[in-house]
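Coordinates in review
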Amino acid sequence: CWSVAVSLGDPDTILLTSSRTAREAHTKASANSFVYRRSSGEPWREARQGLPASEGRRIALVAASTIEPDVFYLFSEGELYRSADRDMQWQRLTIEWPHDSRPAHAVALAIVESD
C-alpha cells in the first residue's frame, strides 16, 4: 500500500493505492498500480472506472475532500481525477500546468477550497 484516504462523509469507506512490488510502484519502466475501495464491511474491490490502465502507471495518491463529503481525488502521472459517487467512477480534471512544471510522480496531495 502507498496511499490511503478515508471518506469524511462515511468513515467506513476507505480508498487505497497499491502495487505488487515497490519497484512496480515507483519505477516507470515496470510501473503497475491499483486503486481499491472498501465500504461498510464489504470486501475490497478495484475502483478503476474512468482511470487509465494500471500497466505503465506509477502508484497514485488518493485524498478525501474535506469540503465535499464522499468525494475523493486521485493524482497519477501528472493527471488529477475526481470521484463523487459511491460507484467510484473517476473523471479526469483539466489542469493548466505552467510550462515544464507538470509533476510526473507526486508524494503529497492537498485539497484546497478556492473562491
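Residues numbered from 1 in each chain as written. Predicted model: local features only at pLDDT ≥ 70, side-chain atom pairs only at ≥ 80, totals over all residues. Heavy atoms only, no water.

What follows covers the pattern of salt bridges. Summed over the entire model, instances satisfying the criterion amount to 6 salt bridges. Here Glu46 ties to Arg48 by a salt bridge, and the two come within 3.8 Å at their closest N and O atoms. You can call Arg48 buried: its relative accessible area is 18%. Between Glu77 and Arg58 there is a salt bridge, and its shortest N-O distance comes to 2.9 Å. Linking Glu77 in the loop between strand 6 (72-76) and strand 7 (79-83) with Arg58 in the loop between strand 4 (45-46) and strand 5 (61-64), this pair joins segments that are 19 residues apart in sequence. Neither residue differs from the other here; Glu77 and Arg58 are each classed as buried. (Salt bridge = Lys/Arg side-chain N within 4 Å of Asp/Glu carboxyl O. Buried < 20%, exposed > 50% of the residue type's maximum accessible area, 1.4 Å probe, protein only. Helix = DSSP H or I, 4+ residues; strand = E, 2+ residues; numbered from the N terminus.)

By size, the foremost hydrophobic cluster in this structure holds 13 residues, and its most contacted members are Leu15, Val35, Leu51, Phe72, Leu74, Met88 and Trp90. Elements with a contribution of two residues or more to this core: strand 5 and strand 6. Those residues in contact with Val35 that lie beyond four places of it in its chain are Leu15, Leu16, Thr17, Arg45, Glu46, Ala47, Arg48, Leu51, Leu74 and Trp90. (Core = buried A, V, L, I, M, F, W, Y, C linked by side-chain atoms within 4.5 Å. Contact = heavy atoms within 4.5 Å.)

Where strands meet in a sheet, backbone hydrogen bonds hold them as pairs that are either parallel or antiparallel. Spatially, 4 strands are ordered 1-2-3-4 in an open sheet, and the strand pairing comes out antiparallel. Whereas interior strands pair on both sides, the edge strands pair on one side only; in this sheet they are strand 1 (3-6) and strand 4. Pairing between strand 1 and strand 2 (residues 13-18): 4 bridges, direction antiparallel. Note that in strand 2 the partner of Ala5 across the bridge is Leu15. (Pairing = 2+ DSSP bridges.)

Let us look at the packing of aromatic side chains. Inspection of the entire model under this criterion finds 1 aromatic pair. Note on Phe34 and Tyr36: the rings are 6.3 Å apart at their centroids and 35 degrees apart in plane angle, and the pair reads as tilted. Looking at Phe34, the relative accessible area reads 14%, which means it is buried. The class of Tyr36 is partly exposed, set by a relative accessible area of 25%. (Phe/Tyr/Trp six-rings, centres within 6.5 Å; stacked < 30°, edge-to-face > 60°.)

Along the chain, the position of Ser18 falls in strand 2. Take Ser18: its relative accessible area is 11%, and that puts it in the buried class. When near neighbours in sequence (up to four residues on either side) are disregarded, Ser18 contacts Cys1, Asn32, Ser33, Phe34, Tyr36 and Ile59.

In this section: unusual backbone geometry. Phi is positive for Ser40, which is not a glycine, with a value near 45 degrees. Within the fold, Ser40 resides in the loop between strand 3 (34-39) and strand 4. The backbone phi angle of Glu77 is positive, close to 50 degrees, even though this residue is not glycine. The buried category is assigned to Glu77, whose relative accessible area is 11%.

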